[in-house]
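Spelled out from the first residue to the last, the chains are:
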Amino acid sequence: ADLSKESLGIHPEELKYYKSIKIKCKDGSKSFSKERLNDEFCDCPDGTDEPGTSACPESRFYCQNAGHVPVTLFSSRVNDGICDCCDGSDEYDGKVKCPNTCWEAGKAAREKLMKKIATYQDGVVVRKKDIEQAKLMIAKEEAELLKLRDEEKLLKDLVEKLKERKEQIEKAEEQERIAKEKEEEKLREAQKKANEKASEKGADEKEANEQEKKFEETPPTDFDDFVDGSSGSSDKHVVEEKSDSNNEAEEGGHSAGRNASPDITIEQEKDKTDNTIDKIDHKNEENTENIEGLSREELGRRVASRWTGENVGQQDKEATDNKEEEHEDFANTQDSGDNYEDEYPSDADEDTRKYDEDEIDDRNKYEDEDEEEGPYNHDIPYNSDTEDNTDISDFPTLSSSSWLDKIKETFQSVLKAIKLSNDPVDKSEASRVRKEYDDYSKKLSKIQSRISTLSEKLKQDFGPEKEFFSFYNQCFESKQNKYVYKVCPYKQASQVEGHSTTQLGRWDKFEESYKQMHFSNGDHCWNGPDRSLKVKLRCGLKNELADVNEPSRCEYVAVLSTPSVCLEERLQDLRNKLEAMNAARAQSHDEL
Amino acid sequence: WKKEEFRNCNQTPFCKQSRSRKPGSCSFIASEPVIENGELVAKLIAKPLQNQEEEPEKLEPLILRISVYHGGILRFKIDESPDSPVTKKRFEVPDVLMKDLDEKKLWLQRISSPENGKGSVLYLSPGYEAVLQFDPFEIYIRKGNDPNAIISFNSNGLFNFEQLQNKREGDDWEERFRSHTDSRPFGPQSISFDISFHKANNVYGIPEHATSLALAPTKGPGIESEPYRLFNLDVFEYISESPFGLYGSIPVMISHNSERTTGFFWLNAAEMQIDVLGHGWNAIDGIAPQHEAIDTHWMAEAGVLDAFFFLGPTPKDVIGQYTKVTGTSAMPQYFATAYHQCRWNYRDEEDVAEVDAKFDEHDIPYDVLWLDIEHTDGKRYFTWDKLLFPNPTEMQNKLMAKGRHMVTIVDPHIKRDDGFALHKEAAKLGYYVKDYSGKDYDGWCWPGSSSYLDMLNPEIRSWWAEKFSLENYVGSTRSLYIWNDMNEPSVFNGPEVTMPRDAIHFGGAEHREVHNAYGYYFHMATAEGLLKRGGGNDRPFVLSRAFFPGSQRVGAIWTGDNSADWDHLRVTIPMVLTLGLTGISFSGADVGGFFGNPEPELLVRWYQLGAYYPFFRGHAHHDTRRREPWLFGEKNTALIREAIHIRYALLPYYYTLFREASVSGVPVMRPLWIEFPADEATFNNDEAFMVGNSLLVQGIYTEGARSTIVYLPRGQTWYDMRSGDAYSGGKNYTLEVSMESIPSFQKGGTVIPRKDRFRRSSTQTMDDPFSLVIALNSSMEAEGELYMDDGKSYDYEQGAYIHRHFVFSKGILTSSSMRSTKTSKKTLSSNSVIERVIVLGLSSSAKSALIEPAKHTTEVEPGPLTLRKGSSAVGVTIRKPNVRIDEDWAIKLV
């Protein structure tokens, strides 16, 4: 019994520490004599003296669990009448009998562990391959980007020169035209003077009218935008927030609000806005809600909705309206989301998004055009990412400088072909210049778009080993009940139900040392936070999304299994663990 | 808060009219006193009008009955004459007064006349008399021959009683509010009067309001406020510092000065409005009458006048007198006094299992996991959502295996769904409250169209109680207890979010007469169900939001849907203290605040304070972010764990206090002035409070607080509960505070029993050893108590309990039994021992202690107050005396 008291609850590696007659509390506060070890009285506030009892709240109990894995328990579990260690060693005061279940539990655990190890083994291989490919692809795309930038520079120059030439030609043409007109006018003047005067006047008026009309047709939104832009971003924010709450008001009260008098909607809007901005703004609430004319049922729903935040409409109606609302909301939050993130809501940002969405199509077009009707043809493969895996060997062998020289040559020849003479204007020359100008500016804007796409992509965080590179143009889907969850790393995540899409969040970042992806700033929740999603990454052989949950309102979590997180170190840990388990098993077998 | 949704006094005809009455406008005088049935019975007749031109209204006289109860209780009742021609009887609230109250009645033998001959004088208690003065009509209590009143009725002549009339042609009694019409078939029937608390410094009581402990005046020079309203309402996002009515009502007011405490109770369940009148309210031409009293004006829409004066003289006496009339707190089960974890909603069984596991993972104890409305099948109570909770029994059993319990919600609204057996049965039996036209009242609540059981009817309560049997409540187990929410009742489409006043209850009572007690009857019926389920020997645990006098006998109360802000944190203390003063000992507020997301600092502070609430539960609205204790980083997790651990360590002390409350009525959590009635500096203090007589706690109610001012009452030495530092009382101290804890002090002269071993839940602590913390007073003495029983059954009523008295004097700690010798059919033994005695304030160099009668010695050495990393020795520790808790012994320092 004494022997067990001296080793009770102590980790085998710590036994040495407890060997001496005078033992120090680990926090250095004091020391205690050996009789006080596990004597059911807490002497060291850090629990050093009671590893085997529940006397010190800070101490930990070690159970060996031969046949399974050792476990360290909080002291609160010792002799509490509940079997925590599979070897039953935590319950030794005789109040309960804990059978030793380590053998079976260990067997099951080992099997599970072995499966996991198998997954990791394969996963590590897949991951390695992915990383190699990713690195190649990144190098390739970086190289491409560099080249594109050089080419852009040259092209800009060329386009600039073409533009100059084009303008020269146009100027010359204009002069020619004026001279010609003057001559013609002289002729005409001589013939019919009075009549023509009258008819010309009529035509002028007509033209003026048309122009006026055109001006009126200009969409008023442009004008609004202009005003918004000039009045500063904070103002714009307010405006948008208001429109946001407008939607919410509709969500909350459409069944009553749409059919009843307009001030209901207004009041509601105000209420909701109050709620959204400052839920408990007690002092300034003077608004009176007009509830006359509501049916009893509508009133009941309305009041209930305060607590639940649910749509107060009829059930079926609710569903459809929700969808509508969500659509609108999506659009709105996108905008306001930008305003939150960037102080200057810029067009560039929106453009980038467009590239993101249409990226593949765009690029394909570029490529196609390039090959079919490009004015020059050199071997620059603008590979799309989808072909990356098969295409690595096609990486251009042409050295950078020779490639550039080739382009330069082409440009030179284009320029040379254009005569800089001024007079007289050669018609074919003019149209050639125009065509060259149009073609090359188109080319330039395509290159610029590709540059922006590539640089946007390459600035992303693909992980310490670029193991997440392949996530860039992928979306992962999981169907759960009526919803389809769609997670697109580096972009956004959404929940789709039929035709309605709810934005769960936009790409934010990796967290927990690349064990989790975070999407934030999704669609706003009534009376709650903006939706967000955390995707926990688990080692698996395929990319598979599962277990989407909403543990807290509008805060979603999901699990994605992927080879990208099958780490070699972890595999080693697991192997060690299995080894330890097997060793323990062998030992306990020997003991038996 | 939707202010416009609720009526203010001006929109409430009876209130507007009563409030505008002038002092001295009472038109009644008393006459013809006789002794009848041991009571004084007199008639109240109209005062002869001085202006003879007006014909006095021909009314039957009112009947006044005055009776006296043992122990300083005066009761006076005014009702219509039995000869009244009106058939409608006014409603008297049943099942509130104790059944044995009549046994405590002092049978009056004779009436004597006061000095001036215009009245009657009754013996009240030794040295005290009650006086009925005929004209002007007044009832008051005085001491001996001192002519000054202590507490009085109608001293300002505001008494008015609108007698019932038969409806005549042309009478239009309807009242409209917003889109609602109250048919008021019986017309105006309000009662109002004034009560004066003479020489009082403050008045307290009349919950439930989110206001200060000492009631601020609501009317008088320079004061513009609504009266305190007592009308049980489901108020969405209520605000702090407002006299509007919340979820429950207790028409009890307590006055206090440094010499005397008195109390007043009006048993009436109708809407009530109460003005506390500021000094000079009745001034004529700006000159306030010389009158040192706090006058109060009481107004109710209906009911009878059935009122009580409590003589005191101490605060504990008044509470004892009140709880003699309405009962003391039920003795809770041990687990119910521990920590509860709730959220709207724990989604499914997986969620429940995960939350449960996380508590263990973080070594945070908890005893009860709660399920809100979403666990049901479409808000049909007693059912389970089959997808989310397919195996409720298994789920509960898994929790029970760790000694944990579960609570599910059962609300009073019943879904009107013919596929729902409960509804079908209730409708068939005619058990629903009726609307004014006699049909089942159809309101709107969580399930949509709903009806409400008429819990006023004992037969329906008994039927309801059967629904909690294990057979009827499919998926329930013996470890499942119940939560009654929305029982004001909350009706989303009713006037003021409640039931129309002209709805009809059992016996023809109108809802207006029953309203404030509805939730109480529902609570009562539910508790009866759990009692039946346990064969009468399992103490029910039912939490209710609505309450009324008597609710303390039934179960626990919480302060409803508060918000996650600092003001709400602060106001929980006066709210809980007020409930305690008015008999409801077992109460608390949602830790963290129901609405909104608390910042981690607020949440930590709330746990630190909430750990001292008698009822300790974390709860959150479903729109809020998850806030289980481990979600705010390791540091905050540790702080919250520590706060919860403090509560668990103190559970033996709390349980002893619950016992005291169940015997004497004195609440677990107390305003300072209950313990220090002569210390005027405590009278307005509602930031600090006492837990029992030994522990003072000061909350921290501001963000980023670095220091706080704590007043420590005079005449005592106080010991910091963490550092052991001693402070002398009678001073304000400015103390540094950190996030580690809120200030708490043990009073010199007390002994607090603790359990310092931490477990998963209180269930595993039953056999664990105790620590005793002894804080010595200036005479080097201290005493304290420990009560324990099986924590579950009623066997303690037959003597199965341990009740120890610990006394430390002259260096000797003794334990003796406080068991009553009367009840000893059963006994309780315990294997628990005392593992540690910590003595604070001892100047002794004792190295060992001698234990009698075992005659063994044990070591004495310096030791810390808490077993935490970094704690240092601050007191004298007697190591391992290991004396049995259920035996007599003495430990002598040598």
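Here goes a summary of the coordinates provided. As the structure is a computational prediction, the values presented were derived from the model and not from experiment.

About the cut-offs
Residues numbered from 1 in each chain as written. Chains lettered and ligands numbered in written order. Predicted model: local features only at pLDDT ≥ 70, side-chain atom pairs only at ≥ 80, totals over all residues. Heavy atoms only, no water. Helix = DSSP H or I, 4+ residues; strand = E, 2+ residues; numbered from the N terminus. Buried < 20%, exposed > 50% of the residue type's maximum accessible area, 1.4 Å probe, protein only. Contact = heavy atoms within 4.5 Å. Areas by Shrake-Rupley, 256 points an atom, 1.4 Å probe, with all protein chains shown as cover. Phe/Tyr/Trp six-rings, centres within 6.5 Å; stacked < 30°, edge-to-face > 60°. Lys NZ or Arg CZ within 6 Å of the ring centre and 35° of its normal. Axes fitted to C-alpha atoms, helices over the stretch in contact; angles between N-to-C directions. Parallel < 35°, antiparallel > 145°, perpendicular 65-115°, else oblique. Left-handed = near helix turned anticlockwise from the far one by under 90°. Nonpolar A, V, L, I, M, F, W, Y, C, P; charged D, E, K, R; others polar. Disulfide = S-S within 2.5 Å. Buried area = accessible area lost by both parts, 1.4 Å probe. Salt bridge = Lys/Arg side-chain N within 4 Å of Asp/Glu carboxyl O. Polar contact = N/O pair within 3.5 Å; in protein donor to acceptor, adjacent residues only side chain to side chain. Core = buried A, V, L, I, M, F, W, Y, C linked by side-chain atoms within 4.5 Å. Pairing = 2+ DSSP bridges.

This paragraph deals with the overall build of chain A. Helix and strand counts for chain A come out as 13 helices and twelve strands. Residues classed as buried in chain A amount to 42% of the 592 residues present. In chain A, 53% of the contacts between residues at least 6 apart in sequence involve partners at least 24 apart. Only carbon and sulfur atoms are counted for the fraction: they give 49% of the accessible area of chain A, which is about 33,400 Å².

Right, let's talk about the packing of aromatic side chains for a bit. Taken as a whole and judged by the stated rule, the model has 78 aromatic pairs over all chains. Centre to centre, the rings of A:Trp307 and B:Phe492 are 5.4 Å apart; their planes meet at 20 degrees, and the pair counts as stacked. Linking A:Trp307 in helix 7 (residues 296-308) with B:Phe492 in the loop between strand 29 (480-484) and helix 7 (511-533), this pair reaches from one chain into another. A relative accessible area of 1% means that B:Phe492 is categorised as buried. Following the ring pairs from residue to residue traces out a cluster consisting of A:Phe462, A:Phe468, A:Phe469, A:Phe471, A:Tyr472, A:Phe476, A:Tyr490, A:Trp507, A:Phe510, A:Tyr514 and A:Phe519. Its guanidinium or amino end placed over the ring of A:Tyr472, A:Lys491 lies 4.1 Å from that ring's centre, counting from NZ or CZ.

Here the focus is the environment of B:Pro769. Residues and elements named next belong to chain B. On the secondary structure map, Pro769 appears in the loop between strand 43 (750-754) and strand 44 (770-775). As a C-alpha pair, Pro769 and Ser824 span 55 residues in sequence and 25 Å in three-dimensional space. Non-local contacts of Pro769, meaning those with residues more than four positions away in its chain, are made with Arg754, Lys755, Arg757, Val833 and Glu835.

A word on the packing of helix 2 (residues 102-191) of chain A against helix 12 (residues 427-458) of chain A. Residues and elements named next belong to chain A. In contact at an axis separation of 7 Å, helix 2 and helix 12 are set at 150 degrees when each is read in the N-to-C sense. Relative to helix 12, the element helix 2 is oriented roughly antiparallel. Crossing geometry of helix 2 relative to helix 12 is assigned as left-handed. For the contact of helix 2 with helix 12, a count of residues per class yields 17 nonpolar, three polar and 18 charged.

Counted under the stated rule, the structure contains nine disulfides over all chains. Note on cysteine connectivity: A:Cys539 is disulfide-linked to A:Cys566, with sulfurs 2.1 Å apart. An S-S torsion of about 95 degrees defines the bridge between A:Cys539 and A:Cys566 as right-handed. Here A:Cys539, found in strand 10 (residues 532-539), pairs with A:Cys566, found in the loop between strand 12 (555-562) and helix 13 (568-591); they are 27 residues apart in sequence, far enough to count as distant. Considered together, A:Cys539 and A:Cys566 belong to a single accessibility category, that of buried residues. At a sulfur-sulfur separation of 2.1 Å, the disulfide partner of B:Cys9 is B:Cys15.

Before going further, it helps to spend a moment on the interface of chain B and chain A. Contact residues are listed per partner, giving 58 residues for chain B and 56 residues for chain A. Taken together, the two surfaces of chain B and chain A that pack against each other cover about 5,300 Å², and 47% of this comes from carbon and sulfur. Area buried by chain B at its contact with chain A is led by B:Trp444, B:Asp623 and B:Arg760, which between them contribute 12% of it. Where chain B meets chain A, there are 14 salt bridges. Between A:Asp39 and B:Arg879 there is a salt bridge whose closest N-O contact spans 2.9 Å. Taken together, chain B and chain A are joined by 29 residue pairs in polar contact (both at pLDDT 80 or more). The element best represented in the side of chain B that touches chain A is strand 51 (residues 875-884) of chain B, accounting for three residues.

Moving on to the nonpolar core. Residues and elements named next belong to chain B. In terms of nonpolar packing, the biggest core is built from 177 residues, with Leu453, Trp464, Phe492 and Phe541 touching the most fellow members. Looking at this core element by element, the count peaks at twelve residues for helix 10 (residues 633-664). The residues touching Leu453, leaving out its near neighbours within four places in the chain, are Pro412, Ile414, Ala426, Tyr431, Tyr432, Val433, Ile460, Trp463, Trp464 and Tyr518.

Now for unusual backbone geometry. Between B:Gly312 and the following residue, B:Pro313, the backbone shows a cis peptide bond with an omega angle of 10 degrees. Along the polypeptide, B:Pro313 turns up in the loop between strand 22 (305-310) and helix 2 (315-326). Here the bond from B:Glu488 into B:Pro489 is cis, since omega is 0 degrees, no more than 30 degrees from zero. With respect to the element layout, B:Pro489 can be found in the loop between strand 29 and helix 7. We note that A:Asp547 has phi near 50 degrees; this positive angle belongs to a residue other than glycine. Mapped onto the elements of the fold, A:Asp547 is located in strand 11 (residues 544-552). A positive phi angle is found at B:Asn37, which is not glycine, with a value near 60 degrees. By the element assignment, B:Asn37 lies in the loop between strand 1 (28-36) and strand 2 (39-46).

The next point concerns the sheet that holds strand 28 (residues 448-452) of chain B. Residues and elements named next belong to chain B. Strand order in this open sheet of three strands is 26-28-27, and the pairing throughout is antiparallel. Of all strands in the sheet, those with a lone pairing partner are strand 26 (413-415) and strand 27 (443-445), marking the two edges. Neighbour to neighbour, the strand axes of the sheet diverge by 60 degrees on average, direction disregarded. Looking at chain direction, strand 27 and strand 28 are connected through three bridges and run antiparallel. Bridge pairing links Gly443 to Ser450 in strand 28.

On to the sheet that holds strand 32 (residues 587-588) of chain B. Strand order in this open sheet of nine strands is 32-31-30-29-25-24-23-34-33 (chain B), and the pairing throughout is parallel. A single partner strand is all that each edge strand has here, and the edge strands are strand 32 and strand 33 (590-591) of chain B.

Glancing now at helix 6 (residues 458-466) of chain B. All names here are of chain B. Of all the residues in helix 6, the buried ones are Ile460, Arg461, Trp463, Trp464 and Ala465. At its buried positions, helix 6 is contacted by strand 26, helix 5 (421-429) and helix 7. Where helix 6 begins, the side chain of Asn457 points an oxygen toward the backbone nitrogen of Glu459, at a separation of 2.9 Å.

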